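# Coordinate inspection notes
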Amino acid sequence: DSGVTQTPKHLITATGQRVTLRCSPRSGDLSVYWYQQSLDQGLQFLIQYYNGEERAKGNILERFSAQQFPDLHSELNLSSLELGDSALYFCASSADRGRDTIYFGEGSWLTVV
Amino acid sequence: GDSVTQMEGPVTLSEEAFLTINCTYTATGYPSLFWYVQYPGEGLQLLLKATKADDKGSNKGFEATYRKETTSFHLEKGSVQVSDSAVYFCALTPSGNTPLVFGKGTRLSVIA
């Protein structure tokens, strides 16, 4: 158990819909990261927050957004969903901004039908 | 930019065989290097890491040495088990605040 908690574990939704994925980082970790894992693209970094502020942005679509709340949990919002958004979404956390070891949650499986 | 290149899979080995999964990297500065493992149906788990040149990371019988001269971090295990069947990802944290950069992963299947 990495200490990173993600909910829901599985989600099935229709195209055009909006979903929210939730992540609780390890106790004491200030950085939260979101990654997307799909069969064709591998592991893609989406976005990073550090202590509530956006720190780095990767290949995140404009239809996607994220935030980190004062209690350090984070949410990833995916809107206007398309079939191609079906993937495993990982949240990860680390103590600092990126040099420390990054620990991953078990992921949220999103299926868009 | 910073990148990681892993050997293509899948790799199929018999139990007790020797394992090597090659990983090379391109990075500016002095990255930290990691191997993560993903067992079927599960998330990513940190397997081992090395933070500076010549460091050797080890865990569960797996080892990898940070070779700056060859920009490599090859994963090795002397005797694999069926339970080692998984996807292995090499990754680096570049200097500064940039998050992990992953290789494409190498699927390992160990047969009894």
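For the structure itself, look to the data block above.
Because the structure is a prediction, the values reported are computed rather than measured.

### Some details on the overall build of chain A
Regarding its fold elements, chain A presents zero helices and 11 strands. Starting at the N terminus and walking to the C terminus, you meet the elements of chain A as β-β-β-β-β-β-β-β-β-β-β. The C-alpha atoms of chain A give a radius of gyration of 13 Å, which matches the 13 Å a tight globule of 113 residues would have. On the principal axes, the C-alpha backbone points of chain A span a range of 35 × 30 × 25 Å. Counting all 113 residues of chain A, 50% fall into the buried class. Put simply, of all contacts in chain A between residues at least 6 apart along the chain, 54% involve residues at least 24 apart. By element, 46% of the accessible surface of chain A is carried by carbon and sulfur atoms, the whole surface being about 5,400 Å².

### Some details on the interface of chain A and chain B
Tallying the contact residues gives 17 residues for chain A and 21 residues for chain B. Together, the buried faces of chain A and chain B total about 1,600 Å²; carbon and sulfur atoms form 55% of this surface. On inspection of chain A and its partner chain B, the count reaches four residue pairs in polar contact (both at pLDDT 80 or more). Contributing elements (two or more residues each) for the side of chain A that touches chain B: strand S4 (31-38), strand S5 (42-50) and strand S9 (87-94) of chain A. Partitioned by chemical class, the residues of the side of chain A that touches chain B number nine nonpolar, five polar and three charged.

### Things to note about unusual backbone geometry
A cis amide bond links threonine 7 of chain A to the next residue, proline 8 of chain A, at an omega of -10°. Following the sequence through the fold, proline 8 of chain A ends up in the loop between strand S1 (5-7) and strand S2 (10-13). Unusually for a residue other than glycine, asparagine 51 of chain A sits at a positive phi of about 50°. Note that asparagine 51 of chain A resides in the loop between S5 and strand S6 (53-57). Relative accessible area serves as the criterion here: at 47%, asparagine 51 of chain A is assigned to the partly exposed category. One non-glycine residue with positive phi stands out, namely glutamate 16 of chain B, at about 75°. Given the relative accessible area of 61%, glutamate 16 of chain B is considered exposed.

### Thoughts on the sheet that holds strand S7 (residues 56-59) of chain B
Two pairing modes exist for strands in a sheet, parallel and antiparallel, and in both the strands are linked by backbone hydrogen bonds. All names here are of chain B. The antiparallel open sheet is built from four strands, whose spatial order is S3-S9-S8-S7. Every interior strand has two partners, whereas the edge strands, strand S3 (19-21) and S7, have only one. Shown here is a sheet whose adjacent strand axes are inclined to one another by a mean of 15°, direction ignored. Sheet analysis places S3 next to strand S9 (residues 75-77), joined by three bridges and oriented antiparallel. Its bridge partner lying in S9, leucine 19 is registered against lysine 77.

Parameters and conventions
Residues numbered from 1 in each chain as written. Chains lettered and ligands numbered in written order. Predicted model: local features only at pLDDT ≥ 70, side-chain atom pairs only at ≥ 80, totals over all residues. Heavy atoms only, no water. Helix = DSSP H or I, 4+ residues; strand = E, 2+ residues; numbered from the N terminus. Rg over C-alpha atoms; globule rule 2.2 N^0.38 Å. Buried < 20%, exposed > 50% of the residue type's maximum accessible area, 1.4 Å probe, protein only. Contact = heavy atoms within 4.5 Å. Areas by Shrake-Rupley, 256 points an atom, 1.4 Å probe, with all protein chains shown as cover. Buried area = accessible area lost by both parts, 1.4 Å probe. Polar contact = N/O pair within 3.5 Å; in protein donor to acceptor, adjacent residues only side chain to side chain. Nonpolar A, V, L, I, M, F, W, Y, C, P; charged D, E, K, R; others polar. Pairing = 2+ DSSP bridges. Axes fitted to C-alpha atoms, helices over the stretch in contact; angles between N-to-C directions.

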